[in-house]
Each structure stands twice: as structure tokens, then as C-alpha cells.
Amino acid sequence: TATTATTITSTDRRHSEHERDHDRAPARELEEGDIEPAEACIPLDNCSDVLAELQRRAQTRRVLMLKNLPGTLKLSETKDALAETFELDIESILTDRRDPSDTVRMLLVDAADMQKALTAVADRPFRGFKVSAVFPADALLFFGNFPPNFEEEEFLDLIKPFGTVIRSFIMRDRETGRSLSCGFAEFATPAQASDCKNKMAARSVRKHPLRVDYVNKAEPYPWEELYGRTLFVDRLPRDFNNVSIIRSMCEEAGKVVFCKLAQGSAMSRGFAFVDFASAEEALKARRMTNNRLVQDKFRIRMSFINPSKTGEHIFKLREEQDNRFDTRRSRTRDPRRGDFRRAAMRAPTPLLQQLRPGLAGYAPGLGAPHPLFARNSPGQIPVRMTTPEVAPGPRRPSAGLRTYGSSGGGVGGV
């Protein structure tokens, strides 16, 4: 447990995905669609119907990953062969470059056939091979920072251009049915999920920058575990440093196991993370403190983050990155003349010409002309060639001064 502020240097540009919209000035007024904490505790009129629809969407599964298929099976024959053996209605057979050669992804036409498919694959061999079936866990994305009143239909329209969407849903409070401003989307393949993540991470919806990340959780898992136990607190003023105020507010709802305020080199970065002992306590804390007016000066926003991460984990990774960055920077030596001259001895000819123009003459782009060659016409590369005496034996004549045109291949004889 920690309540002290941690320092995050502003020079490090490797910002977390949660740091994009924290520079905005805090305001007393509520944004369009936001509600007071007291109203947030009142259930919606159709709360039961909304929660039932959430459960239906979250439990919709149409993709199975089949492993240990025969190596001689052609991909074009896989769909018909699997449909005939297991008596299933298969929409398509998908592959991903990261999957092993004996693995495919089977997309069913109807999600209601999922249990039938699991039973059939477990009971029947496929061409003499015992095939295993698992739910894929590498194409589920978390979306955060949705605007208020953002609906499921809008969410689906936003992401379906990136591929086959298996399921998409917006998380809601279990007691009130109100939106938690975050959701999940699962695609048919990891390539489609990666394309969506890379392109949607830079977009905004109604002036709300989206936060998109992979959900690193092992399958199978119940959809209820997608409720995280970490809240992200932002819209804090830059001169706010009393993290105990945030902690005491959250402790009204449950046990707080971690609470830290992010600090820059000179002032607060305007956000903090709070880890609770359970997801139920985090839900209650958000219900009680979101949009609360603090010190009669500013309203804070409480948001859920990726459930596969915690605030303590995020700060630990950031501190490790800062330590590695400081270590690399301390090992960097300032260039000195001795080091530079030693490097020049191993440098190619153009650099030597630039360092010693008196010997190499002047070539365009290699430095100012030496006074010895100032009388030469522009565009020409003069080179003075001298050969020392060789003893014993007759003297070799000097090569004298030869001039090469600017269109030549370079400076020769240096």
C-alpha cells in the first residue's frame, strides 16, 4: 500500500495511453451527458433489460481455434471437411500468420451452435487426428474514455470497418445499468484486432480521445471478470498534490490497496490510479465519486482501465522504463576532440577530405575551399598530387596539379 506521489519525468515521451487528455483545465460545470453522483446511484427504468442485453452480447462467441489438424489437409478443403465431420454450419475458415501450421480458426454461422461445436470436436476424431478446440484470447480489445450516452450501435458502427466483429459491448453498472464509459470488442483474427487498435488509438469520439489496448487474459474466463478493480482519476489541477484526499474519498466505498498521484518534474500531471480489493468496491467507488466536486474547485472523473492491468503494475513498468532510460543516458559520452580525431582515422575518404581540405582540395558539399586553391574556377575539383622520393633508385617525377571536372566520379589520388 502506498499513498505517496511518484515522479515521472516530462522529458520521457513514452506516455501511457491514459495521459492524452489530462492537460485540459478542470471545470465546475458538468459535460454534456454527465450526471451528479447522487443521480448516478439511481437505477435506470429499464435496468434489467439493459443488463440482460449486456450479458447476451458479452457471451456471444462464434470463433473456435482448432489445433492438431492433419498437415496434408489443404485450406480450401478444410471448411467442407470440418462441416461434414462435425455436422456444423461454418461461415468461414480463417488463418493468422502467428498461428501454427496445424491450427485454423472456425467461424460459425450461429453463436447458438457453439456448445454443439465444442461437444462434437471433443467426441469425434477428424481423419484419424484428435483435434482440440479452444477459445482464442488474442483478438479482444479494451476501449476506454467513451463519451456519455455512447450506445452499442454507435460502437459497432465505429469498429466494423476493420474486420469481422465477433462481439462488442459497453460495460454497465451492475446495480444501475448506467454506462461505465468503456467497452470491449473481439475480432475474428489478431490481424484485424491489431489494425483496429493502431488506427483507433489516434481517434476521438465527440472530443473524447479513445484508449485502446489488448486484454491480456487467459481463456476461458467469465465475462463478469471484465469488470476491473482499478480506477483512473483525472481532471485534477496541476497544483494538486494531496493524494490522501483521493484515497479518503475512495475508502468510503471499500478497501484501497494502492493509490498514487503521477508527478512531473515540476508539478502534478493531473491524474492518479486507485486499486481496490475487489471489482464490486471499485464499482461502488465510481458510483459515489465520479463527477464529484472536490474542495469546491474542480470535478474529478473516475474511469475504469484495462482489467488485465492495475495502477500498481502501470507505475512499476513506468519506473523501470525511467531507470533504463537514465542508465542509457549516463553511459553516453560527450564527443571530444580526441575521440573525434581517433574516429576520423577510421573514417572514409570524404570525411578525411572535409577534415583536411589542404591535402584533398575542394569538392562541392565537402567544405569551404582552401586558400591554396581559391584561384580555381568554381565547379572544378583541384587535386595536388605529390609523390615522395623513393631510395634507392631514380627520382620519380611529380604528378603536378591535375584538374578534374565537377562531373567526375570523385577525388582520386588522395
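Structure: above.
Everything in this summary refers to the structure shown in the same document. (Residues numbered from 1 in each chain as written. Predicted model: local features only at pLDDT ≥ 70, side-chain atom pairs only at ≥ 80, totals over all residues. Heavy atoms only, no water.)

Here strand β7 (residues 165–172) lies mainly inside the structure; eight of its eight residues are buried. One ladder, built from six bridges, connects β7 with strand β8 (residues 179–187); its direction is antiparallel. Bridge pairing links Ser-168 to Ala-185 in β8. Where β7 folds back onto β8 in an antiparallel hairpin, the turn is made up of six residues, including Gly-177, whose phi is positive at roughly 80°. (Buried < 20%, exposed > 50% of the residue type's maximum accessible area, 1.4 Å probe, protein only. Helix = DSSP H or I, 4+ residues; strand = E, 2+ residues; numbered from the N terminus. Pairing = 2+ DSSP bridges.)

So, on to the side chain of Asn-290. Residue position: Asn-290 is located in the loop between α8 (279–289) and β15 (293–294). On the basis of relative accessibility, which here comes to 12%, the residue Asn-290 falls in the buried class.

Another point: the sheet that holds strand β3 (residues 90–94). Taken together, the four strands give an open sheet; going across it, the order is β3-β4-β2-β5, and neighbouring strands pair in antiparallel fashion. Strand pairing shows two members of the sheet lacking a second neighbour, β3 and β5 (132–134), which therefore form its edges. Going from strand to strand, the sheet's axes swing by 30° on average, the running direction of each strand aside. Contacts from helix α4 (residues 114–123) reach β2 (63–67), β4 (104–108) and β5 within the one sheet, and its direction differs from that of β2 by about 10°. (Axes fitted to C-alpha atoms, helices over the stretch in contact; angles between N-to-C directions. Contact = heavy atoms within 4.5 Å.)

With that settled, the discussion passes to α4. Here α4 has its buried residues at Met-114, Ala-117, Ala-120 and Val-121. All buried residues of α4 project into a common sector of 125° when viewed along the axis, lining one side. Looking at α4, the residues exposed on the side facing more than 90 degrees away from the buried face are Gln-115 and Asp-123. On its buried face, α4 is in contact with β2, α3 (75–86), β4 and β5. (Arc of directions from axis to C-beta.)

On to empty space enclosed by the protein, then. All told, the structure shown has two cavities of 30 Å³ or more when counted by the stated rule. In this model, the second largest cavity occupies a volume close to 30 Å³. As for the second largest cavity, its lining consists of Phe-142, Met-171, Leu-180, Cys-182, Leu-226, Tyr-227, Gly-228, Phe-304 and Ile-305. (1 Å grid on protein atoms, 1.4 Å probe; cavity = no way out; pocket = protein on both sides within 12 Å on 5 of 7 lines; lining within 4 Å. Points joined across faces, edges and corners; volume = space filled by probe spheres on them.)

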